[in-house]
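Chain by chain, the residues:
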Amino acid sequence: MVMSEKPIGVFDSGVGGLTVVKAVVERMPSEQIIYLGDDARGPYGPRKPEEVRRFADEIAGYLLGFDVKMIVVACNTATACALPALQEKYEIPVVGVIVPGAKAALRKTANGRIGVIGTEGTISSGVYERELKFRNPNVQVYSQACPEFVEFVEQKEMHGSQIYEIAKGYLEPIVNWGMDTLILGCTHYPLLEDLIEEIVGPGVELVSSADEVAAVAKDLLELLGWRASSEREGRLTFLATGDSERSRQLGNMFFGPEICNVIHVDLEKPLHFEEVTP
Ligand code: DGL
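Our subject in this report is the structure included herewith. Numbers given for residues are sequential positions, taken from 1 along each chain in its written order. With pLDDT at 70 or above as the cut-off, local features in this predicted model cover only qualifying residues; side-chain atom pairs require 80 or more to be listed or tallied, and sums for whole chains, interfaces and linings still use all residues. Only hydrogens and water are set aside; all other atoms, that is, all heavy atoms of the structure, feed into the side-chain values.

**So, the pairing of strand β9 (residues 235–240)**
Put simply, the rule reads: Pairing between two strands requires that DSSP report at least two bridges joining them. Secondary structure elements follow DSSP: runs of H or I of four or more residues count as helices, runs of E of two or more count as strands, with numbering from the N terminus. If the strands point away from the viewer and the path from the first strand over the helix to the second runs clockwise, then the crossover is right-handed.
Note that strand β2 (residues 32–37) and β9 share six bridges and pair parallel. In the strand pairing of β9, G37 is matched with A240. Pairing geometry for β9 and strand β10 (residues 262–264), over three bridges, is parallel. Paired with L239 across the strands is I263, a residue of β10. Viewed along the sheet, the connection from β9 through helix α11 (residues 244–254) into β10 turns out right-handed.

In structure tokens, the structure reads:
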């Protein structure tokens with residue numbers, strides 16, 4: 001198969017990475033996408049970095065079995081823990097969500113005070129802060145782990161007094177500190193955007209890495225001459241390591257009703273491309 005016709009592999013600890021897939025599909029509708037959600041072992045946020053690194057490596061190897069031309073690590077925690085190792089090991093381009101998000105925040109901030117929210121794994125890695133300060137040593141960064149957000153989103157509780165109070169507890173100190181830009185450093189947080197906006201107010205710009213990473217992936221494929229023909233209709237194949245019905249239902253919330261079929265996979269049993277695409 002010529003490079004341009006090969007699929008793009010995207011993975012996450014579960015369904016959250018579909019916010020990234022959505023942005024990728026919007027920018028590159030003719031691409032074939034194979035998405036793998038590792039919901040059997042997710043969420044990754046509370047796990048040890050070595051463990052996340054091992055899972056990410058296993059999944060990247062599995063996706064390569066479908067002859068993907070690029071891998072998008074659509075998970076902040078997996079990007080924080082595993083991106084350099086994956087980039088070093090695999091020959092195809094592997095892109096993560098953190099650098100694109102950090103660059104977008106630096107473009108947007110006027111006062112140089114940037115807030116970052118994410119899982120415990122992402123925040124304790126310090127990677128956003130490093131990437132931001134590496135590019136502009138004058139910015140100040142306030143990082144805050146929001147461990148309860150993922151669970152609320154997965155329970156479909158994006159509104160209501162309970163989540164509001166929890167979110168206020170996480171966000172008010174960063175607002176009082178004076179940020180003008182907030183990085184949503186977790187794939188689930190775009191679904192909490194309304195709530196977050198209500199708490200942080202109109203003076204704070206929100207940055208979601210989903211759009212930014214989709215733009216990076218597109219630019220890179222264009223540069224390499226690996227974009228799929230615009231004549232072709234793209235397709236999304238959704239694979240999950242855990243409960244495929246739960247993934248389908250949550251997938252509808254993260255992506256839309258187009259998610260009508262989720263294929264359960266066992267990472268120890270590689271499949272061929274033809275077996276997962278109609
Ligand atoms: N996808 C993860 C992230 O962006 C959130 C869910 C998890 O903890 O695995 O960090």
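Past the structure itself, the notes keep going.
**A look at the sheet that holds strand β8 (residues 205–208)**
What counts is decided by this rule: The axes are straight lines fitted to the C-alpha atoms, using for helices just the contacting stretch, and the angles between their N-to-C directions are given from 0 to 180°. Residue contacts are counted whenever heavy atoms from the two residues lie within 4.5 Å of one another.
One open sheet accounts for four strands, arranged β6-β5-β7-β8; its pairing is parallel. A strand with exactly one partner marks an edge of an open sheet, and here the two such strands are β6 (140–145) and β8. Across the sheet, the mean angle separating the axes of adjacent strands is 20 degrees when strand polarity is ignored. The pairing of strand β5 (residues 113–118) with β6 spans six bridges and is classified as parallel. By the bridge assignment, I117 is partnered in β6 with Q144. The sheet contacts of helix α4 (residues 98–108) involve β5, β7 (181–185) and β8, and relative to β8 the element is tilted by about 160 degrees.

**With respect to the pairing of β5**
Looking down a regular strand, the side chains alternate between one sheet face and the other. Put simply, the rule reads: The classification of residues rests on relative accessible area computed with a 1.4 Å probe and restricted to protein chains. Under 20% of the type maximum is buried, over 50% is exposed, and intermediate values are partly exposed.
Counted residue by residue, β5 has five buried out of six residues, so it is predominantly covered. Where β5 lies against β7, five bridges are found, and the strand directions are parallel. Counterpart to I114 in the pairing with β7 is T181.

**Considerations on the pattern of salt bridges**
Operational definition: By convention in these notes, a salt bridge is any Lys or Arg side-chain nitrogen within 4 Å of a carboxyl oxygen on Asp or Glu.
The tally for this structure, following the rule as stated, stands at 15 salt bridges. The salt bridge involving D67 is made with K6; its shortest N-O contact spans 3.3 Å. Of this pair, D67 sits in the loop between α2 (49–64) and β3 (70–73) while K6 sits in the segment before β1 (8–12); the two residues are 61 residues apart in sequence, bridging distant segments of the chain. Classification of K6 as buried rests on a relative accessible area of 12%. A salt bridge links K69 to E31; the nearest nitrogen and oxygen atoms lie 2.7 Å apart. Pair noted here: K69 is in the loop between α2 and β3 and E31 is in the loop between α1 (18–27) and β2, with a separation of 38 residues, a long-range link. Residues K69 and E31 agree in their burial class; the two are buried. Through salt bridges with shared partners, one network takes in E31, K69, E222 and R227.

**Comments concerning the environment of G234**
By secondary structure assignment, the location of G234 is in the loop between α10 (209–224) and β9. Taking C-alpha positions, G234 is 33 Å from I117, a pair spaced 117 residues apart along the chain. Sequence-distant contacts of G234, that is, excluding residues within four places in its chain, are made with P29, S30 and E31.

**A few points about unusual backbone geometry**
Cis geometry is adopted by the peptide bond preceding P43, which originates at G42 and carries an omega value of -5 degrees. Turning to its location among the elements, P43 is positioned in the loop between β2 and α2. The backbone of D67 sits at a positive phi, close to 60 degrees, despite the residue not being glycine. Although it is not a glycine, K156 adopts a positive phi angle of roughly 60 degrees. Along the chain, K156 turns up in the loop between α7 (149–154) and α8 (161–177). The exposure class of K156 is partly exposed, given its relative accessible area of 43%.

**Quick look at the side chain of E31**
The test is simple: Distance and chemistry together define a polar contact, namely a pair of N or O atoms within 3.5 Å, with one atom able to donate a hydrogen and the other to accept it when in protein, and with adjacent residues in sequence counting only for side-chain atoms on both sides.
For E31, a relative accessible area of 2% gives the class buried. Within the structure, the side chain of E31 is placed 3.1 Å from the side chain of R227, a separation counted as a polar contact. The contacts of E31, once residues within four sequence positions are left out, are S4, K6, I8, K69, L221, W226, R227, A228, R232, G234 and R235.

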